[in-house]
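Take a look at the letters that make up each chain.
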Amino acid sequence: MLQAITIGTSQNPDALISRVDNELMTLRSRGIQFKYNVNHKGEFTFLGCDLYARNLTPREFKYLLANIIADIIIEDWAQILVKKIIRDHYYYFNEEEKKSIKEKALELLKKEENKYYRLHRKEKVVERVLEYLERHDELVIEGFINFRLKDYISELEEIVDAAADDFLLEKEYLEFIRLLRYFVDIQEPKVNEVNILLEKNSMFKLLDSEGKEIENEYLEGFCVELMSNSVNYEDLLISALITLAPKQLVIHLKNEEEFKETIKTIQNVFGNKVNYCRGCTMCIPKKMQ
């Protein structure tokens, strides 16, 4: 019998037991006997892990456990750690806001964890656990994370900070949309229909229902802005539409992908006034008609 190793936790012990049980099934299929017993000491749950096998060395046994512990820390503890970071660093947000930041952080963690980053992070944690198990036969997950994985915690803090920034930007965007909706609602419509032709390089054209470019007193001043190299065409388009306050909008989706965010903003501001076209005489160049 190889040396017994004990793994303890005071939080989420079910995740630990589940991970070990899954590993047991894999090992048994390879003819390796791996047994554990569960003990409770106060708020802590301890798993005493014993391995009976001639084809595994003590080092290999510890490496096997290190993999299990690394999976638990990276997979099952992510929510616990992110929640703690938010509680400590963003205590001034209300509970609903904290929940939104947590969800965004976990989404960012999944996006950021492509195959390379995921394997790299796990390798670092496995290495730390293995170093620890070479000198100790008992590991408490909470203490190990707090004192041996400070760089991993720093990575999570950066992800939570990015999630908080995203949350604040989204909050500002929603307030901006609310303000634009207010301007639209209080204005009397000045034209019946505006057709938006989305051109390449973020350019656009505004046409009336007959396909003629809209040029009237409501758009005076916009031509001057178009001459500026620093103009933000999305802002210009939204401003022009709010100035015109049309009863109906038709967005011609010739360059939909390039204008994805602009289209989203128009939809959010003008709501059910917006219609979409994927092909008509306005969309198709005259030489192709």
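Bear in mind the structure is a predicted one, so any value in this text is a computation, not a measurement.

A. Region of the structure containing the sheet that holds strand β4 (residues 138–140). Here four strands make up an open sheet; going across it, the order is β2-β3-β1-β4 and the pairing mixed. Each of the sheet's edge strands pairs with one partner strand only, and the pair in question is β2 (33–41) and β4. Between one strand axis and the next, the sheet turns through 20° on average, direction left out of account. Judged from the nine bridges that link them, β2 and strand β3 (residues 44–52) form a sheet pairing that is antiparallel. Paired with Gln33 across the two strands is Tyr52, which belongs to β3. Where helix α1 (residues 13–29) meets the sheet, it contacts β1 (5–9), β2 and β3, and its direction lies at approximately 165° from that of β2. Across the sheet, helix α2 (residues 58–76) lies against β1, β2, β3 and β4, angled at about 10° from β1, the strand it touches most.

B. Looking closely at empty space enclosed by the protein. Counted under the stated rule, the structure contains one cavity of 30 Å³ or more. Counted as a void, the largest cavity has a volume near 60 Å³. Lining the largest cavity are Arg121, Lys124, Val125, Arg128, Leu149, Asp151, Tyr152 and Glu155. When residues of the lining of the largest cavity are traced back to their parent elements, those giving at least two are α5 (115–133) and α7 (150–186).

Quick notes on the rules
- Residues numbered from 1 in each chain as written.
- Predicted model: local features only at pLDDT ≥ 70, side-chain atom pairs only at ≥ 80, totals over all residues.
- Heavy atoms only, no water.
- Pairing = 2+ DSSP bridges.
- Helix = DSSP H or I, 4+ residues; strand = E, 2+ residues; numbered from the N terminus.
- Axes fitted to C-alpha atoms, helices over the stretch in contact; angles between N-to-C directions.
- Contact = heavy atoms within 4.5 Å.
- 1 Å grid on protein atoms, 1.4 Å probe; cavity = no way out; pocket = protein on both sides within 12 Å on 5 of 7 lines; lining within 4 Å.
- Points joined across faces, edges and corners; volume = space filled by probe spheres on them.

All we've got here are geometric facts, nothing functional implied.
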